[in-house]
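Chain residues, written in single-letter form:
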Amino acid sequence: MDKQRGGAGIPCPQGLDVEAVGDVITRLAERADIRPTGHSPRRGLVTESSRAGNPDAVAEKQGGWAKGSKVMRRYREDDDGFTENTLHGVL
């Protein structure tokens, strides 16, 4: 389903579908000259949620991990003080 108006790349009020999100990640990665994997957004979700002070249960629920998931905790990246992350202020 096309959720853009007039092909101008403007999201409709219904939000972005899965394909559109993938397209955005691909375009941004090309600009940054990086090659993200399918796990990149999941790592970002866990890392940024943790940095924002949310309890692990929030990321577990949204990311579909089991309660107390050790895998989810391994996804969390150490805070290296990098404040110019593209997700700051987005989540």
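Analysis parameters
Here the residue numbering is sequential within each chain, running from 1 through the sequence in written order. Given that the model is predicted, a residue must reach a pLDDT of at least 70 before its local features are reported, and side-chain atom pairs must reach 80 or more before they are shown or counted; all residues, however, enter totals for whole chains, interfaces and linings. To get the side-chain values, take all heavy atoms of the structure and skip hydrogens and water. Residues belong to one nonpolar core when they are buried, are Ala, Val, Leu, Ile, Met, Phe, Trp, Tyr or Cys, and are joined through side-chain atoms within 4.5 Å. Whether a residue is buried, partly exposed or exposed follows from its accessible area with a 1.4 Å probe, protein chains only, as a fraction of its type maximum: under 20%, in between, or over 50%, in that order. Residues count as neighbours in contact if any of their non-hydrogen atoms are within 4.5 Å of one another. Here a Phe, Tyr or Trp ring, Trp counted by its six-membered ring, pairs with any other such ring whose centre lies within 6.5 Å, and the pair is stacked when the planes are under 30 degrees apart, edge-to-face when over 60, and tilted otherwise. Per the convention used, a helix needs a DSSP run of H or I reaching at least four residues, while a strand needs a run of E reaching at least two, with both numbered from the N terminus. The rule for a charge over a ring is simple: NZ of Lys or CZ of Arg within 6 Å of the ring centre, and within 35 degrees of the ring normal. For a helix, the expected span equals 1.5 Å multiplied by the number of residues minus one.

A. Seen up close, the nonpolar core. The biggest cluster of nonpolar side chains holds six residues, and these are Leu45, Val46, Ala59, Trp65, Met72 and Tyr75. In contact with methionine 72, other than residues within four places in its own chain, are Val46, Asp56, Ala59, Glu60 and Trp65.

B. Quick peek at the packing of aromatic side chains. All chains considered together, the criterion is met by one aromatic pair. Seen from their ring centres, tryptophan 65 and tyrosine 75 are 5.6 Å apart, and the 80 degrees between their planes marks the pair as edge-to-face. With tryptophan 65 in the loop between helix 3 (56–63) and helix 4 (70–75) and tyrosine 75 in helix 4, the pair connects residues that are 10 residues apart, well separated along the chain. Classification of tyrosine 75 by relative accessible area gives buried; the value is 14%. One residue, arginine 42, lies across the ring of tryptophan 65, its end atom 4.0 Å from the ring centre.

C. Expanded view of the environment of tyrosine 75. On a C-alpha basis, the gap between tyrosine 75 and arginine 42 in space is 7.5 Å, while along the polypeptide they are 33 residues apart. Contact partners of tyrosine 75, with chain neighbours within four places excluded, come to His39, Arg42, Arg43, Val46, Thr47 and Trp65.

D. Structural context of helix 1 (residues 18–32). A rise of 1.5 Å per residue sets the reference length of helix 1, with its 15 residues, at 21 Å; its end C-alpha atoms lie 21 Å apart and thus fit the reference within 8%. At the C-terminal side of helix 1, aspartate 33 shows a positive phi close to 55 degrees.

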